[in-house]
Amino acid sequence: MKKMMLAATAVLALATPAFAQQTVRIATEGAYAPWNFLNDAGEPAGFEIDLGNAICETAGLSCEWILNDWDSIIPNLLAGNYDLIMAGMSITEERLATIDFTQNYFPPDPSKFVAAPGTNLDFSALTGVRIGVQSGTIQAAYAEENLADGNTIVSFATADQNMADLMAGNLDTILADGSYLEQVVTAANGAIEFVGEDILVGGGVGAGLRKDEADLKAKIDDAITALKADGTVDKLIAQWFDGQGPYFAE
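Each chain carries its own residue numbering, running from 1 in the written order of its sequence. At least 70 in pLDDT is required for a residue's local features to be given in this predicted model, at least 80 for side-chain atom pairs to be given and counted, and no such filter applies to totals for whole chains, interfaces and linings, which use all residues. To obtain the side-chain values, all non-hydrogen atoms of the structure were used and water was disregarded.

K.L.:
Provide a residue-level description of the packing of helix α1 (residues 47–59) against helix α8 (residues 232–240), including the pertinent values.
P.N.:
Only the stretch in contact is used when a helix axis is fitted, and all axes are lines through C-alpha atoms; the angle between N-to-C directions ranges over 0 to 180 degrees. Labels follow the DSSP assignment, with helices taken as runs of H or I lasting at least four residues and strands as runs of E lasting at least two, numbered in each case from the N terminus. Running from N to C, α1 and α8 point in directions that differ by 160°, and their axes come no closer than 10 Å. What the angle tells us is that α1 and α8 run roughly antiparallel. Note that α1 runs across α8; the crossing there is right-handed. Across the interface between the two elements, Phe-47, Asp-50, Leu-51 and Ala-54 from α1 touch Thr-232, Val-233, Leu-236, Ile-237, Gln-239 and Trp-240 from α8. Here the nonpolar group is Ala, Val, Leu, Ile, Met, Phe, Trp, Tyr, Cys and Pro; Asp, Glu, Lys and Arg are the charged ones; every other residue, Gly included, is treated as polar. Tallied by class, residues from the contact of α1 with α8 come to seven nonpolar, two polar and one charged. In what follows, roughly perpendicular refers to angles from 65 to 115 degrees, roughly parallel to angles under 35, roughly antiparallel to angles over 145, and oblique to any angle outside these ranges. What makes a crossing left-handed is the near helix being turned counterclockwise from the far one by less than a right angle; a clockwise turn instead makes it right-handed. By the convention used here, residues are in contact when the closest approach between their heavy atoms is within 4.5 Å.

And the structure:
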């Protein structure tokens, strides 16, 4: 039976290595539906929770889910407070300089802009625009590098805070993962809409882990390979992302 443990930001590292005791502690943000969120019972739910549990079952591991704020999710991995990150994290060269990743379990996801209907934005020459991003994301890095000149980049700790400021009129547009925004736009019933062109950043979404965990990485990668081959990954993507895919099954 899978164990579940919730923590506000971090959990003390256990004395023995997680892999040796056949237990893997998986950190997730719990605030980025449909990737990961808290259900009505206050428990982690979503695509990555279902996939993580399937990975553990396939790999013969006992897994504990830990909630951790996005901003500190990599530092707490490096500190040994858990063993794996499954939090909608895109694989990038910048992150690979610090941590390792499994193979991706979601293909590269186009980033998209959203704005209130009627917002007039010239994306060929943006200027004087307030652009909202979630801090520490690939979109935040892209905006700072490519859009900061002449505009104001506003970073938020969570995607929900970002969206709330857009709805309140404090932002002109938001740049975020398309897979996240698709469901937000649908639920908004016309209050926001997609604007501009898609931007492709990152190399798909994978599970992050420390660089010295070669055995754990191999075990998780083998499980993901098996779950791609038998259609489980595609089935979960279709379930949680409005019928997207299939991407991986042969």
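Now that the structure has been shown, the text picks up again.
K.L.:
Give me the packing of aromatic side chains: which residues, what numbers.
P.N.:
Stacked, tilted and edge-to-face are the three classes applied to pairs of Phe, Tyr and Trp rings, where Trp contributes its six-membered ring and a pair requires centres within 6.5 Å; stacked means planes under 30 degrees apart, edge-to-face means over 60, and tilted covers the rest. This model, assessed by the stated rule, comprises 12 aromatic pairs. A ring pair is formed by Trp-35 and Phe-47, whose centres lie 5.7 Å apart and whose planes are at 80°; its orientation type is edge-to-face. Placement of the pair is Trp-35 in the loop between β2 (31–32) and β3 (36–38) and Phe-47 in helix α1, with a sequence separation of 12 residues. Exposure categories follow from relative accessible area, calculated using a 1.4 Å probe and restricted to protein chains: below 20% of the type maximum is buried, above 50% is exposed, and the middle band is partly exposed. Given the relative accessible area of 0%, Phe-47 is considered buried. Between Phe-47 and Tyr-105, the aromatic rings sit 6.1 Å apart at their centres with planes inclined by 55°, giving tilted as the arrangement. Of the two residues, Phe-47 is situated in helix α1 and Tyr-105 in strand β7 (residues 100–106); the sequence distance between them amounts to 58 residues. Of the two residues examined, Phe-47 and Tyr-105, each falls in the buried class. Three or more aromatic residues joined by ring pairs form one cluster here, namely Trp-35, Phe-47, Tyr-105, Phe-106, Phe-241, Tyr-247 and Phe-248. Directly above the aromatic system of Phe-194 lies the positively charged group of Lys-112, at a separation of 5.3 Å from the ring centroid. A ring has a charge above it when a Lys NZ or an Arg CZ is no more than 6 Å from the ring centre and no more than 35 degrees off the ring normal. The lysine or arginine in question, Lys-228, covers the ring of Phe-248, its NZ or CZ lying 4.3 Å from the ring centre.

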